[in-house]
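Overview (structure and organization)
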Amino acid sequence: MKDVLAIILAAGKSTRMHSSFSKVLHKIYGKSMLEYILDDIRSVGIRKGAVIINNYNGIGQKISLPKGFRFVFQKRLLGTGHALKQASKVLGSFKGDMLVLYGDTPLVTQETLSNLIEKHKISNATCTLLTTTMKNPSGYGRIVRDGKNNILKIVEDADASLYEKTIKEINVGVYCFKAREVFKTLTYLRPKGPKREYYLTDVVEFLKKRKATIDSICTEDGSEAIGVNSRLDLARVHTLAKNRILTRLMKEGVGIIDPSTTHIYNDVKISRDTVIYPFTVIESNVKIGKRCRIGPFARIRPDTIIGDEVEIGNYAEITRCKIGSGTAIKHRCYLGDVEIGRDVNIGAGTTTANYNGRKNGKIKIGDKALIGSGTILISPVSIGKGIKTGAGSVISKNTKMSANSVLSGTLAKIIKKTGRS
Ligand code: UD1
Ligand code: CA
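Residues numbered from 1 in each chain as written. Chains lettered and ligands numbered in written order. Predicted model: local features only at pLDDT ≥ 70, side-chain atom pairs only at ≥ 80, totals over all residues. Heavy atoms only, no water.

Section: the site of ligand 1
Near ligand 1 you find 24 residues, and of these Q74, T80, Y102, E156 and N171 are the closest. E156 is positioned such that a nitrogen or oxygen atom in its side chain is 2.8 Å from an oxygen atom of ligand 1. Interatomic distance of 2.6 Å between a backbone N/O atom of N171 and an oxygen atom of ligand 1. With the chains in place, 91% of the 760 Å² that ligand 1 exposes on its own is no longer accessible. (Near = heavy atom within 4 Å. Polar contact = N/O pair within 3.5 Å; in protein donor to acceptor, adjacent residues only side chain to side chain. Areas by Shrake-Rupley, 256 points an atom, 1.4 Å probe, with all protein chains shown as cover.)

If you want it as structure tokens, here you go:
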């Protein structure tokens, strides 16, 4: 697909989201909507394209585009047809096939994109649309066909007649076009609808009247088509994306006891026979080994690497940790910035005081250490191999210790006066 150009429209106002930033930057399990689309496009082999944005602040600052892609600006937001016209101003000399997608449709799959492009090339159409049928198509553009099933036009929900509103086949908003023909057509668009916008969808009727071939493929999976316009749509997309992630992990041999209460981010890697118990959240950049038991009620936060046969139990919060194989962290605790060795036992209620108000400090716990219930570890501190701490101990860099020693006790005394009462 190296010869295909991709254009993503992402300049819209996001009014219906009631958000202070662009809707395409909203994240779904650690990845923004725009990144979902960019990843899909790259995975079908497209290597050049443009993302239409309103101004550089926001999307431009937050997303780094893959090589071969560029931002194009749409300063006045006058609709999807007007957005594509901005691309034509800089890419107008391109003569091949062009995939156009909307930045708020993150669940469209790589497989569907490949099928769409393939059909477009085989039928040599000027325009190939992605459609689907929806039980409740309200809000979407409807596909109007003639008696022979040929596509005549797309009519927007706001402009549809009573009859047209009953049509269940909708426009997903993913198009494959012959770039040159469509770029030319954009000049003829006229503002329409309650918001006086230039609709990209009007291109279809225009091309049809000029006897161009309009083709389509229909995806059976309506979830691919969801366009995120509101927070409600975003919540629906979260549920669908979650099921995709969990299904993939289960197919790879990971046990998920209760998918409805388990949340695992896109890039998490988990090895076989590890079982995730209900109400567990595992965030970005986490790697978990084989035969672990995680949860119920565990939260594994970013930048954590967990070895094999590790047990992380109820109400454990773990962030930026490296945990050696065979270690057990069975009950309620908070561990941050800790490097834990192998076969360590972390008692209930263990807490790391890893932030001193200015920066995070590192904590190390050696192999086979046994950290007693309610131990507080103040960073920076290093607990040697085989050391045991008694229940309620407070351990800091000032605690004297050697390998295999048993530590116990708390030591609170005035260390300075703040001057405030
Ligand atoms: C659009 C389609 C509709 C389709 C639906 C699928 C049009 C006229 N309508 O409606 O047929 O069923 O998507 O989800 O295209 N954008 C710009 N500049 C603009 C306006 C929009 O870049 O001036 C971008 C937005 O950021 C968004 C995308 O285009 O990512 C679609 O715009 P949106 O307003 O969400 O269109 P819909 O009303 O959902
Ligand atoms: Ca939309």
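Now, onward.
Some details on the coordination of the calcium ion (ligand 2)
Within the protein, the atoms that donate to the calcium ion (ligand 2) are D104 (OD) and N229 (OD1), at distances of 2.3 to 2.4 Å. You can see D104 sitting in the loop between β6 (97–102) and α4 (110–123) and its partner N229 sitting in the loop between β11 (214–218) and α8 (231–251), a full 125 residues away along the chain. On the accessibility criterion, D104 (12% relative accessible area) is buried. (Donors = N, O, S within 2.8 Å, 3.2 Å for Na, K, Ca; no water. Helix = DSSP H or I, 4+ residues; strand = E, 2+ residues; numbered from the N terminus. Buried < 20%, exposed > 50% of the residue type's maximum accessible area, 1.4 Å probe, protein only.)

Here's the deal with helix α1 (residues 33–43)
Inspection of α1 places M33, L34, Y36, I37, L38, D40 and I41 among the buried residues, and these make up the whole buried set. One or two steps after α1, the chain reaches G45, where phi turns positive at roughly 95°.

Looking at unusual backbone geometry
Comment: phi is negative for the bulk of residues other than glycine, and the bulk of peptide bonds are trans. In the segment running from G295 into P296, the intervening peptide bond is cis, with an omega of 5°. Locating P296 in the fold gives a position in the loop between β18 (293–294) and β19 (299–300). Here the bond from S379 into P380 is cis, since omega is -5°, no more than 30 degrees from zero. Mapped onto the secondary structure, P380 falls in the loop between β31 (376–378) and β32 (381–383). Unusually for a residue other than glycine, R291 sits at a positive phi of about 50°. By the secondary structure assignment, R291 is in the loop between β17 (286–288) and β18. Relative accessible area serves as the criterion here: at 44%, R291 is assigned to the partly exposed category. Phi at N404 takes a positive value of approximately 65°, unusual for a residue other than glycine. Mapped onto the secondary structure, N404 falls in the loop between β34 (394–395) and β35 (406–407).

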